[in-house]
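Coordinate inspection notes
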Amino acid sequence: ALLMMGVVPAASAAVKDAAKDNPFVAVQKTHFTRNGNPYYIAGANFWYGAYLGANDRPRLLKELDTLKGLGINNLRVLAVSEQTDMKSAVRPATTSAPGQYDERLLAGMDVLLAEMGRRDMTAVIYLNNFWQWSGGMTQYLNWFAGTPALDPNVTKDYDTYMRETARFYTNDKAQAEYRNVIRTFIGRTNTVTGKPYAGDPVIMSWQLANEPRPGNAGVSPQEKAIYVKWIADTAAYIRGLDGNHLVSTGSEGLAGSAQDAALFEQAHASRDVDYLTYHLWPKNWGWIDSKRVDATWSGALEKSSHYLNVHIDYAKKLGKPIVLEEFGMDRDGASFDVKASTTVRDRFYKVVFDVVVGRAERGDPVAGFNFWAWGGTGRAANADYWWKEGNDLMGDPPQEEQGLYSVFDTDRSTLALIRQYADRLHALERKRGQK
Ligand SMILES: O=C1NC[C@H](CO)[C@@H](O)[C@@H]1O
């Protein structure tokens, strides 16, 4: 079918590197390898890791040790943020203006990577953001197209936001600055370890952006083609800078592809996109009502199970691994309070883990998970649970209530589930490694 669509799933360029002595995560058919052995991702989202590296090293070490203790071996982190007027964006930002990068915040990533290396962890680093909470593509357009950076949390108009943000892909000046950032970041030498980023096996994958979308639900065939081309061109550009590391898109799957399976497959068929990614958000997508769980759970379960499985089938068709690199559920009763129970979240995490780990154990191309997101010792500072500059950073970026999806160090039942399934993936790694 893919061939008829003119989509020829080329083997990943990194597949050659699955040799015994290759310390970098590589792709061998539909699985990851590292040092020539099978490698699975038991991961967390930790978008603010470099911020802690720059501003709160003692907390960073504590969070990394707790995560290591849970069996977490991979962290998905934000590379850089862009200074913006949008209210619900993190401050301070790495990039204050085009070409002006804050060396102190960049050095935060050096500390994060050095400390992750000490704990045998690998990093997925996203180089941009489709959403407003780190400035992202919208801020690039404010710089280069002069369009106002409108925070969808303020306008409440996500449709317009998504349609306008996708203009990033065809704005040549924005693309030039984006490539400046890519080149600067990938070309960096770690000031802690002395290692060039492009030669550091702690990094697993360069990711084009967090949740890049082709536009809104009404996206045209032309805009879809622009999106596919942007992915292929940017992935090729990154490959040209760095032949050691994997490249990924940061896609949510169908939800981030206008529900168009052909688009999702075309976007991931590029030879320079080494594996597929997808995200699962029942609450964000209106599949569950946290205040009416009894009435909405079975529908959410059915849709989630289908979403979890169908994307693994797309990966099978493309012959590439896939990682479920985001999933989450709020606390009981839609509470943001760290003291609120997490019965529904735990039930949802178990559903996700049973599919992802179960299908990995059956040899399917799912390479692991990253839950969204690690809150650790972070705590909300304000009665309204909104973030203000100087407050603790946690799993929920500033555009969401602080406590919405974060998994905190005191969420014992959730931590036990994460530990249990991380252990199962590591056991699978050892078992496959012995063949
Ligand atoms: O990448 C993302 N996906 C979903 C998260 C929770 O809503 C959100 O915070 C983030 O922008």
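Residues numbered from 1 in each chain as written. Predicted model: local features only at pLDDT ≥ 70, side-chain atom pairs only at ≥ 80, totals over all residues. Heavy atoms only, no water.

What follows deals with the overall build of the protein chain. Counting its regular elements, the protein chain contains 12 helices and 15 strands. For 435 residues, the compact-globule formula gives about 22 Å, and the C-alpha radius of gyration of the protein chain, at 20 Å, lands near that figure. Dimensions along the principal axes, computed over C-alpha positions, put the protein chain at roughly 55 × 50 × 45 Å. Relative to its 435 residues, the protein chain shows a buried fraction of 62%. Counting only contacts in the protein chain whose residues sit at least 6 apart along the sequence, the fraction spanning at least 24 positions is 76%. In the structure as shown, the protein chain presents an accessible area of about 15,800 Å², 53% of it carried by carbon and sulfur atoms. (Helix = DSSP H or I, 4+ residues; strand = E, 2+ residues; numbered from the N terminus. Rg over C-alpha atoms; globule rule 2.2 N^0.38 Å. Buried < 20%, exposed > 50% of the residue type's maximum accessible area, 1.4 Å probe, protein only. Contact = heavy atoms within 4.5 Å. Areas by Shrake-Rupley, 256 points an atom, 1.4 Å probe, with all protein chains shown as cover.)

On to the packing of aromatic side chains, then. In the structure shown here, the tally under the stated rule is 40 aromatic pairs. When the centroid spacing of 5.4 Å and the interplanar angle of 70° are considered together, the rings of Phe-168 and Tyr-178 count as edge-to-face. Residue Phe-168 is found in the loop between α6 (158-165) and α7 (172-186), and its partner Tyr-178 is found in helix α7; the two are separated by 10 residues along the sequence. Judged by relative accessible area, which is 0%, Phe-168 ranks as buried. Taking 5.8 Å as the distance between ring centres and 85° as the angle between the ring planes, the aromatic pair formed by Tyr-349 and Phe-353 counts as edge-to-face. You can see Tyr-349 and its partner Phe-353 sitting in helix α11 (residues 343-361), 4 residues apart, about one turn around the helix. Above the ring of Tyr-237, the side-chain terminus of Arg-179 is found at 4.4 Å from the ring centroid. (Phe/Tyr/Trp six-rings, centres within 6.5 Å; stacked < 30°, edge-to-face > 60°. Lys NZ or Arg CZ within 6 Å of the ring centre and 35° of its normal.)

Attention now goes to the site of the ligand. In the neighbourhood of the ligand, the contacting residues comprise Trp-131, Trp-133, Asn-210, Glu-211, Trp-281, Asn-284, Glu-326, Trp-372, Pro-397, Gln-399, Glu-400 and Tyr-405. Contact between the ligand and Asn-210: an oxygen atom at 2.9 Å from a side-chain N or O atom of the residue. The side chain of Glu-326 places a nitrogen or oxygen atom 2.7 Å from a nitrogen atom of the ligand. (Near = heavy atom within 4 Å. Polar contact = N/O pair within 3.5 Å; in protein donor to acceptor, adjacent residues only side chain to side chain.)

This next bit is on the pairing of strand β8 (residues 122-126). Regular strands place their side chains on alternate faces of the sheet. Most of β8 sits inside the fold, with 5 of its 5 residues counted as buried. Pairing geometry for strand β5 (residues 74-78) and β8, over 5 bridges, is parallel. The partner of Val-77 across the bridge, within β8, is Ile-125. Where β8 lies against strand β9 (residues 203-207), 4 bridges are found, and the strand directions are parallel. Bridge pairing links Ala-123 to Ile-203 in β9. (Pairing = 2+ DSSP bridges.)

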